[in-house]
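Residue-level structural notes
Chain by chain, the residues:
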Amino acid sequence: MFFAEAPTAIKGVVAEAAHLSFDSGLLSVNAPQGGKICIYGADGRLVSQHVKQADGAEQIPLALLRGVYIVNVNGVTTKLTVR
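The next subject is the pairing of strand β3 (residues 36-41). Where β3 and strand β4 (residues 46-51) come together, five bridges link them in antiparallel fashion. The residue of β4 that forms the bridge with Ile37 is His50. Hairpin connection between β3 and β4: a loop of four residues separates the two successive antiparallel strands, and Gly44 in this loop has a positive phi of roughly 90 degrees. Bridge analysis of β3 against strand β6 (residues 67-73) gives five bridges, and the strand direction is antiparallel. Of the residues in β6, the one forming a bridge with Ile37 is Val73.

In structure tokens:
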């Protein structure tokens, strides 16, 4: 077992910074054009990756199973729960 002196966890979850939601198989993301969107499973595995094509809201079709996902949009990390 290894214990690091410096914290290694995500410092905080910012819900409103990424402006995203998931409903009926569509991930709605409101971010600037060209923004990189990475979706990770709870196990750290990269599930999906996209680049925003336009400014404002964009809907990305995703087939996500129920669970917790980590979404990183332009360096801002947000927790997403799919029910």
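Even without being a glycine, Ser24 presents a positive backbone phi close to 55 degrees. By the element assignment, Ser24 lies in the loop between β1 (20-23) and β2 (26-30). Even without a glycine there, the phi angle at Asn74 is positive, about 50 degrees. According to the relative accessible area criterion, Asn74 is partly exposed, its value standing at 42%.

Remark on secondary structure: sheet strands pair via backbone hydrogen bonds, oriented parallel or antiparallel. On the basis of which strands lie adjacent, the open sheet formed by three strands has the order β1-β2-β5 and antiparallel pairing. The open sheet has two edge strands, β1 and β5 (57-61), and neither has a second partner. The mean angle between the axes of side-by-side strands here comes to 20 degrees, regardless of whether they run parallel or antiparallel. Of the strand pairs in this sheet, β1 and β2 are connected by four bridges, and their pairing is antiparallel. Bridge assignment links Asp23 to a residue of β2, and that residue is Leu26.

So, about the pattern of salt bridges. Following the criterion strictly, the structure yields two salt bridges and no others. The closest approach of N and O atoms between Glu58 and Lys52, which form a salt bridge, is 3.6 Å.

Reading guide: rules and limits
- Residues numbered from 1 in each chain as written.
- Predicted model: local features only at pLDDT ≥ 70, side-chain atom pairs only at ≥ 80, totals over all residues.
- Heavy atoms only, no water.
- Pairing = 2+ DSSP bridges.
- Helix = DSSP H or I, 4+ residues; strand = E, 2+ residues; numbered from the N terminus.
- Buried < 20%, exposed > 50% of the residue type's maximum accessible area, 1.4 Å probe, protein only.
- Axes fitted to C-alpha atoms, helices over the stretch in contact; angles between N-to-C directions.
- Salt bridge = Lys/Arg side-chain N within 4 Å of Asp/Glu carboxyl O.

By themselves, these observations are geometric and do not establish any function.
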